[in-house]
There are 2 protein chains.
Amino acid sequence: MPNERSVGSDPGSRDATSIPESIDAYLADVAAFEAGSGTPAPGDGKQRILDAAAELFLTRGYAETSIRLIADAVGIKPASIYHHFTNKDSLLTEILEIGMLAVDRAFDDAAASTPPEPADRLERHVAAHLEALFAHHAFTATHVTVFPFAPPAVRNAAVAARDDYEARWAELLGEIAPQLEPDALRIARLALFGAMNSSVQWFDPKTSSTADLASAIARTVAHGMIPTGAS
Amino acid sequence: MPNERSVGSDPGSRDATSIPESIDAYLADVAAFEAGSGTPAPGDGKQRILDAAAELFLTRGYAETSIRLIADAVGIKPASIYHHFTNKDSLLTEILEIGMLAVDRAFDDAAASTPPEPADRLERHVAAHLEALFAHHAFTATHVTVFPFAPPAVRNAAVAARDDYEARWAELLGEIAPQLEPDALRIARLALFGAMNSSVQWFDPKTSSTADLASAIARTVAHGMIPTGAS
DNA sequence: GACCCTACCGAACGTTCGTTAGGGTGGCAA
DNA sequence: TTGCCACCCTAACGAACGTTCGGTAGGGTC
């Protein structure tokens, strides 16, 4: 309920700062690209800017990444970026929205299938979050490390979607662990978020599988790392 | 056990804007360490620069915080900062060293007392880490959020001490949860770090006690958030 | 008084920043 | 053919950046 799904695939309207459509187009193009078609799609320039900027923002930081550096990475001149984005802030805003959309859809997919056991349900959602985190790594991980230092205007534009996503997790964990009090539940939720999101800084999806990571984290969170018996 | 001895005993500090921090112990150590040059360095002004810079780096980010902004916060002119620090990088380096020293000493204190139960031992160390995290908040939290985007030279200078601290935790958790395999142990350790350190972004030590936070996190990590059930 | 030292300042340096103005393509629609 | 439009360019703007330099006030030491 909290999240809005009325995206649609209508590429018609283009209101100066109308962003959701382009996000949808972006995700569609990414899916098409990953499906095998390596041909440069129309509107390719903007997405290449987004990709390069997200990667640079993530590795270097927002303020440390200049427009000129992004332009060099794409292979164009700095002024050309302003044909696709009104300013640097809007570039980061769009990246954050793409990342939020990715994890939100992953939550949808995980919620669609309903495992019986609470532990399995938790693990499925943890796996969905982590897979989205690394599948669209540059866009989702930006939420973890870059967001805290983003300009206030950018943070304010992204905070609503973030709150919605956290609310979905709060509801889920409330059902999974009904015995926990609200305070403990809130701490457990935020600690779980910290544990999962911190993995973008130390987990390499090329050496291990995200499924293994998800099961390890989910198992620890579900049953703890000390075998039952000790008080 | 927590090391907060000389908070307000001396009327030496005359300013109301500075955050009360017990960094004098650190400065004594630095003076003893650099005894070769023979410069005693009383350093009241330097201390205020460190406090203001740490707070600004933490809230705004490193690149986003200008030397002029730090100088304004302290009440001096930008050029005066270069009397105490060779450049901006060295300012961040020193802040990171102070933060690392704080958590490392907290680990020492926690290790000095040896509780019998693994769960109690874990909780004591979690509490020690979290208390250091919030007692020297601006200096320790900088390691969490600012470090990833610090200039490479600064990161390289701080990475050794960070590795040492992580190794101490790895040994501790290996003793607490000997049944876990190395891979699972590593993930559990890093996930625990992510959970604890993320609290600097959502926990307010003024509304709740860090001890409650520590027990909540430690209990979740030790026994999980799902009551004893089949996996 | 001569000398040194710490702490700070005013003024400026050269560089990089985000951003804008204006011009030139090539392709597609009429 | 003409006109438009998406796209990218060169060139430059003012502002802010980290940093340096020469200088000064004050205090301690012989």
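Residues numbered from 1 in each chain as written. Chains lettered and ligands numbered in written order. Predicted model: local features only at pLDDT ≥ 70, side-chain atom pairs only at ≥ 80, totals over all residues. Heavy atoms only, no water.

Provide a residue-level description of the nonpolar core, including the pertinent values.
Core analysis: the largest hydrophobic core is formed by 88 residues, its most contacted members being A:Val126, A:Trp169, A:Ile217, B:Val126, B:Trp169 and B:Ile217. Apart from the residues lying within four places of it in its own chain, the contact partners of B:Val126 are B:Trp169, B:Leu192, B:Met196, B:Ala214, B:Ile217 and B:Ala218. Ranked by size, the runner-up nonpolar core spans 54 residues in total, among them A:Ala52, A:Ala158, B:Ala52 and B:Ala54. (Core = buried A, V, L, I, M, F, W, Y, C linked by side-chain atoms within 4.5 Å. Buried < 20%, exposed > 50% of the residue type's maximum accessible area, 1.4 Å probe, protein only. Contact = heavy atoms within 4.5 Å.)

Just give me the short version of the protein's contact with DNA strand C, but keep the residues and values in it.
Contacts to DNA strand C come from 14 residues, most closely from A:Arg68, A:Tyr82, A:Lys88, B:Lys77 and B:Ser80. Counted by atom, the contact set of DNA strand C within 4 Å of the protein is 56% sugar and phosphate. Here A:Ser66 contributes a side-chain N or O atom positioned 3.4 Å from a phosphate oxygen of DNA strand C. Side-chain polar atom of B:His83 to a phosphate oxygen of DNA strand C: 3.3 Å apart, as the coordinates give it. No other element matches helix α4 (residues 78-84) of chain B, which puts four residues into the surface near DNA strand C. Residues that form the surface near DNA strand C fall into these classes: five nonpolar, six polar and three charged. (Near = heavy atom within 4 Å. Polar contact = N/O pair within 3.5 Å; in protein donor to acceptor, adjacent residues only side chain to side chain. Helix = DSSP H or I, 4+ residues; strand = E, 2+ residues; numbered from the N terminus. Nonpolar A, V, L, I, M, F, W, Y, C, P; charged D, E, K, R; others polar.)

Could you give an account of the relation of the copies chain B and chain A, with specific residues and numbers?
When chain B is fitted to chain A, the best match, at an RMSD of 0.1 Å, comes from turning it 180° and sliding it 0.0 Å along the axis. Such a combination of turn and shift is consistent with a two-fold rotation axis. Among all C-alpha atoms of chain B, that of B:Gly224 lies closest to the rotation axis, at 1.9 Å. A high fraction, 98%, of the interface residues of chain B reappear at the interface in chain A, so the copies pair face to face through one surface. (Least-squares fit on C-alpha atoms with pLDDT ≥ 70 in both.)

Account for the pattern of salt bridges, with residues named and values stated.
This structure, assessed with the given rule, holds ten salt bridges over all chains. Residue B:Glu94 is joined to B:Lys46 by a salt bridge in which the shortest nitrogen-to-oxygen separation is 3.1 Å. Remark: B:Lys46 occurs in helix α2 (residues 44-60) and B:Glu94 occurs in helix α5 (residues 88-112); sequence separation between them is 48 residues. The exposure class assigned to B:Glu94 is buried, which follows from its relative accessible area of 16%. Of the charged contacts, one joins B:Asp108 and B:Arg168 as a salt bridge, the two residues approaching to 2.7 Å between their closest N and O atoms. With B:Asp108 in helix α5 and B:Arg168 in helix α8 (residues 152-176), this pair connects stretches of sequence that are 60 residues apart. In this structure B:Asp108 comes out as partly exposed when scored by relative accessible area, which is 36%. Put simply, A:Asp104, A:Asp108 and A:Arg168 are held in one network by salt bridges that share partners. (Salt bridge = Lys/Arg side-chain N within 4 Å of Asp/Glu carboxyl O.)

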